[in-house]
Amino acid sequence: MELPEREICYRALQSRDPRFDGLLFVGVTSTGIYCRPVCPARTPKFENCRFFGSAAAAQEAGFRPCLRCRPETAPDLASWRGTSNTVSRALALITDGVLDEDDAKVEALAARLGVGERHLRRLFVQHLGASPVVVAQTRRVLFAKQLIHETNLPMTEVALAAGFGSIRRFNEVFQKLFQRSPSALRRNPSVHSSNRETGVTLRLRYRPPYDWDSMFGYLRTRAIPGVEVVEDARYLRTIGIDGFTGTVEVTHLPERQSICATIHFPHVQWLPVIIGRVRRMFDLGADIDTIDAHLSLDPSLAPLVAQRPGLRAPGGWDGFELAVRALLGQQVSVAAARRLAAQLVSRHGVPVASAFVTEQRLTHVFPDAQRLAQTTSIDIGMPAARRSGLKELAKAAAADPSLFRPSGTLEAAITRLRKIRGIGEWTAQYIALRAMRETDAFPAADIGLLRGAELLDGARSTVSNLLMRSESWRPWRAYAAQHLWAADAATITESRGLYV
Ligand SMILES: [Zn+2]
């Protein structure tokens, strides 16, 4: 496994260095417990420390999670240091539950990623120190532990939410790992009360810095009436999964380096999927130090990175919704695209179940692919050719529910998307960036990106120039794009402020 030297790891532990949180876990041989590097407990002796690159590896080695620093609350790094995109994509799919079924096979996961099963196992051991199945199991245990500590959901619901097949299995796993029952771990049962009225509230940590203002501004400008409300430092939206509807609310807790998500949804077994989407949308898994440091190597990009440290690439809530937004946004302004989306929602969206509505302006769930594919005509104010493009997109997404999930390589994803009529290179790259969270996606023909690039050195840029230039930004071109867009948007706002 790729870890720093033992001495460096130990120094991180001695200084409780938050930069290593989520990247490094320490197993203490004298106690059998593993910790985050920021654990407030007394630093163990050097010779008693074993270092791991993931919680799964520490658990696989027989250590149990610390009850003080709670390894389940470490930042969950999604893009694995940029060294293995295959591992990052596999982690995204595991978060979506592909290994949660009893008969789920690593073989199928590997096939989806275009690699052999043995190669995938090798990559996991190399980068995470544990096999894909162990990683999936550890995630379930740690998610259950988080629900036990942060909510008062009954244990049967915790077991269900964390993907355990039965309460018996859940009890067995916890007994083996902690030598006590799950309920014995619940020391402070009413941190957040969790019921139909209050919803389930969880804190999700990120690695600082985090440019919340940019993220919030981005979401506010694009909020779709009926589906999203973005104001007073709160992001609210409707959610629709598997025929059920609900809502989610997100706020920022900067002093805890976390966001807070409150979910109202009828079935707890969808919680991991909903949490996974929140993480992706708010880009909580970014290894932001590595990304900012890499982009700062380009002297012309460095000032932009310095201006907005911790700038994230916002993700789409749902692949199909994001693709539709991209299509509606072709050749029109952000405001016009938003109006079209509002029309689409009011005419084709599904009313949200009133029991889960926490805000009256949240009225509809964004229409899913099945619904738009089956409707006789998509009734919104845009040219017939683009309306039929939208219909084609809906049909393609309805036929392949995994169309917008990660698989193979970025190039393969772009090729697959471009087979859909109405999706060109720009749209495909944009979907890969926001929906699939491909960190190297780069829609070079974007007018905002070209204007942003002009700000770097004053010279007009062409698509091919920009592409050439972007080579040194790999594998983080999506973040370079976000910096260029942010710089461009700031200039437009400034000039309007001056001249209007
Ligand atoms: Zn600890």
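A brief look at the structure comes next. Residue indices follow the written sequence of each chain, beginning from 1 at its first position. With the structure being a predicted model, the display of local features is reserved for residues of pLDDT at least 70 and the display and counting of side-chain atom pairs for 80 or more, all residues being used for whole-chain, interface and lining totals. Each side-chain value is worked out from all heavy atoms of the structure, with water and hydrogens disregarded.

Moving on, we get to helix α3 (residues 85–95). An α-helix turns once per 3.6 residues; consequently, residues spaced three or four apart project the same way. Burial classes follow relative accessibility: with a 1.4 Å probe on protein chains only, a residue under 20% of its type's maximum area counts as buried, one over 50% as exposed, and anything between as partly exposed. For helices the rule is a DSSP run of H or I covering at least 4 residues; for strands it is a run of E covering at least 2, with both sets numbered from the N terminus onward. Within α3, nine of the eleven residues are buried, which leaves the element mostly enclosed by the surrounding structure. Here α3 has its buried residues at Thr86, Val87, Ser88, Arg89, Ala90, Leu91, Ala92, Leu93 and Ile94. Contacts between residues were defined by any pair of non-hydrogen atoms, one from each residue, lying within 4.5 Å. Where α3 is buried, its residues contact α4 (106–112), α5 (117–128), α6 (132–150), α10 (271–281) and α17 (410–418). A positive phi of about 95° marks Gly97, the residue just after α3.

The subject of this paragraph is the pairing of strand β7 (residues 234–241). Counting buried positions along β7 yields six of eight residues, so the element is predominantly enclosed. Here the rule is simple: two strands pair whenever DSSP picks up at least two bridges between them. When strand β6 (residues 228–231) meets β7, the two strands line up antiparallel, connected through four bridges. Paired with Val229 across the bridge in β7 is Leu236. Here β6 hands over to β7 after two residues, with Asp232 in that stretch at a positive phi of 50°. When β7 meets strand β8 (residues 244–253), the two strands line up antiparallel, connected through eight bridges. Across the sheet, Arg237 pairs through a bridge with Val248, a residue of β8. Where β7 hands over to β8, the hairpin turn is made up of two residues, of which Asp242 adopts a positive phi near 55°.

Here the focus is the packing of aromatic side chains. Pairing of aromatic side chains requires ring centres within 6.5 Å, counting the rings of Phe and Tyr and the six-membered ring of Trp. Pairs whose planes differ by under 30 degrees are stacked, by over 60 edge-to-face, and all others tilted. Enumeration according to the criterion identifies 15 aromatic pairs in this entry. Seen from their ring centres, Phe25 and Tyr34 are 6.3 Å apart, and the 70° between their planes marks the pair as edge-to-face. Look at Phe25 and you get buried, because its relative accessible area is 5%. A relative accessible area of 0% means that Tyr34 is categorised as buried. Taking 6.0 Å as the distance between ring centres and 65° as the angle between the ring planes, the aromatic pair formed by Phe442 and Trp473 counts as edge-to-face. Here the residue Phe442 occupies a position in the loop between α18 (425–434) and α19 (447–457), and Trp473 occupies one in the loop between α20 (463–470) and α21 (477–499), the gap between them amounting to 31 residues. The burial state of Phe442 is the same as that of Trp473; both residues are buried.

The subject of this paragraph is the side chain of Thr427. Tracing the chain through its elements places Thr427 in helix α18. In this structure Thr427 comes out as buried when scored by relative accessible area, which is 3%. Non-local contacts of Thr427, meaning those with residues more than four positions away in its chain, are made with Ala326 and Gln330.

For the rest of this paragraph, the subject is the coordination of the zinc ion. Any N, O or S atom lying within 2.8 Å of the metal counts as a donor, and for Na, K and Ca the limit rises to 3.2 Å; water is left out, so some sites can look incomplete. The coordination sphere of the zinc ion contains the protein donors Cys35 (SG), Cys39 (SG), Cys66 (SG) and Cys69 (SG), at a distance range of 2.2 to 2.4 Å. Coordination at the zinc ion comes from four donor atoms whose angles at the metal span 105 to 124°, giving a geometry best classed as tetrahedral. The sequence pattern formed by the donor residues of the zinc ion is C-x3-C-x26-C-x2-C. Of this pair, Cys39 sits in the loop between β2 (33–35) and β3 (49–52) while Cys66 sits in the loop between β4 (64–65) and α3, and the two are 27 residues apart along the sequence. Just as Cys39 is buried, Cys66 falls in that class too. Geometry is assigned from the angles between donors: four donors with all angles from 85 to 135 degrees make a tetrahedral site, four or six donors whose opposite pairs exceed 155 degrees while the rest stay between 65 and 115 make square planar or octahedral sites respectively, and everything else is labelled irregular.

Further remarks concern unusual backbone geometry. For the bond from Pro208 to Pro209, the omega torsion is 0°, close enough to zero to count as cis. With respect to the helices and strands, Pro209 occurs in the loop between β5 (200–205) and α9 (212–222). Between Arg474 and Pro475 the backbone carries a cis peptide bond, its omega angle lying at 0°. As for its placement among the helices and strands, Pro475 is situated in the loop between α20 and α21.

This part is about the sheet that holds β7. In space, the five strands of this open sheet follow the order β5-β9-β8-β7-β6, with antiparallel pairing throughout. Where the open sheet ends on each side, the last strands, each with one partner, are β5 and β6. Across the sheet, the axes of successive neighbouring strands diverge by a mean angle of 20°, strand direction being ignored. One ladder, built from six bridges, connects β5 with strand β9 (residues 258–264); its direction is antiparallel. Looking at β9, one finds that Thr201 is bridged to Thr262. The strands touched by α9 are β6, β7, β8 and β9; relative to β6, the strand with the most contacts, the crossing angle is about 135°. In this analysis, axes come from line fits to C-alpha atoms, helices being fitted only over the stretch in contact, and the angle between any two N-to-C directions falls in the range 0 to 180 degrees.

Attention now moves to the sheet that holds β2. The pairing of strands in a sheet comes from backbone hydrogen bonds and takes either a parallel or an antiparallel form. Ordered in space as β3-β1-β2-β4, the four strands form an open sheet in which the pairing is mixed. Of all strands in the sheet, those with a lone pairing partner are β3 and β4, marking the two edges. Pairing of β2 with β4 involves two bridges; the strand directions are parallel. Residue Tyr34 lies in a different strand from β4, and its bridge partner there is Pro65.

In plain words, nonpolar cores are sets of buried Ala, Val, Leu, Ile, Met, Phe, Trp, Tyr and Cys residues tied together by side-chain atoms within 4.5 Å. Ranked by internal contacts, the top residues of the largest apolar core, which has 113 residues, are Phe282 and Leu390. The contacts of Leu390, once residues within four sequence positions are left out, are Val324, Leu327, Leu328, Leu344, Ile378, Ile380 and Met382. Judged by nonpolar contacts, the second largest core, of 20 residues, contains Leu91, Ala130, Val135 and Ala136.

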